[in-house]
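# Fold and contact review
Listed below, chain by chain, are the residues.
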Amino acid sequence: MDAEITLLAGTAGTTIATLLVTDTWNGVRNGVVALWRRVRPDHEHQVVTQLDTSRQDLLDAQADGDEETAREVAAEWQGRIRRLLVAHPELVSPLRSLLTELDPGTPATTTVVQHATASGSSRIYQAGRDLKVDPR
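Residues numbered from 1 in each chain as written. Predicted model: local features only at pLDDT ≥ 70, side-chain atom pairs only at ≥ 80, totals over all residues. Heavy atoms only, no water.

Before going further, it helps to examine the environment of aspartate 57. With respect to the helices and strands, the residue aspartate 57 is situated in helix α3 (residues 44-64). It is 8.2 Å that separates the C-alpha atoms of aspartate 57 and valine 73, two residues lying 16 residues apart in sequence. (Helix = DSSP H or I, 4+ residues; strand = E, 2+ residues; numbered from the N terminus.)

Next up on the list: the layout of surface pockets. Vacant regions in the atomic arrangement are exposed by a probe of water-molecule size rolled over the atoms. By volume, the largest pocket is sized at about 180 Å³. Residue lining of the largest pocket: Trp36, Arg40, His43, Gln46, Val47, Gln50, Arg80, Arg83, Leu84, Ala87 and His88, and that is the complete set. Every element with two or more residues in the lining of the largest pocket is listed here: α3 and α4 (67-87). In terms of residue count, α4 provides more of the lining of the largest pocket than any other element does, four residues in total. A breakdown of the residues in the lining of the largest pocket according to their chemical character gives four nonpolar, four polar and three charged. (1 Å grid on protein atoms, 1.4 Å probe; cavity = no way out; pocket = protein on both sides within 12 Å on 5 of 7 lines; lining within 4 Å. Points joined across faces, edges and corners; volume = space filled by probe spheres on them. Nonpolar A, V, L, I, M, F, W, Y, C, P; charged D, E, K, R; others polar.)

What follows covers the nonpolar core. With 29 residues, the main nonpolar core has Ile16, Val32, Leu51, Trp77, Ile81, Leu85 and Leu95 as its most contacted residues. Secondary structure elements with two or more residues in this core: α1 (2-19), α2 (25-39), α3, α4 and α5 (92-102). Per-element accounting of this core gives the leading share, seven residues, to α1. Residues in contact with leucine 95, not counting those within four places in the same chain, are Leu8, Ala12, Leu35, Ile81 and Leu85. (Core = buried A, V, L, I, M, F, W, Y, C linked by side-chain atoms within 4.5 Å. Buried < 20%, exposed > 50% of the residue type's maximum accessible area, 1.4 Å probe, protein only. Contact = heavy atoms within 4.5 Å.)

Glancing now at the pattern of salt bridges. Throughout the structure, instances matching the rule amount to five salt bridges. For arginine 96, the salt bridge is made with glutamate 4, and the minimal N-O distance between the two is 2.2 Å. One end of the pair, arginine 96, is in helix α5; the other, glutamate 4, is in helix α1, and 92 residues separate them in sequence. On the basis of relative accessibility, which here comes to 27%, the residue arginine 96 falls in the partly exposed class. What makes glutamate 4 buried here is its relative accessible area of 14%. (Salt bridge = Lys/Arg side-chain N within 4 Å of Asp/Glu carboxyl O.)

Set out below in structure tokens:
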């Protein structure tokens, strides 16, 4: 579940940072706040403030041609979302729904589960994606 949460949090952080500077930013704000409200209603004001600050930082950076700030804001939201999901894994499905609603082009996340057993002097090579083995 940790890899799935990390991947989903990464997608969410990037999506949030990207959409905060678009016309849909109010929907992003409301959706993220609603997610937090489900499990941490006492943090609602703090999340609103963080989103508003992130939006202003992104708008300022966009005006200055600063691309690094967008990566930093995305990383900050990735961390916040990851910590929220680790503490409340029941929010994985609602977050996926929110991302699809906010940005239908958001890639679906998949879970890769691999199991292997080796015996003797055998070798096992596993990858969740591309794998090149050089048997020198």
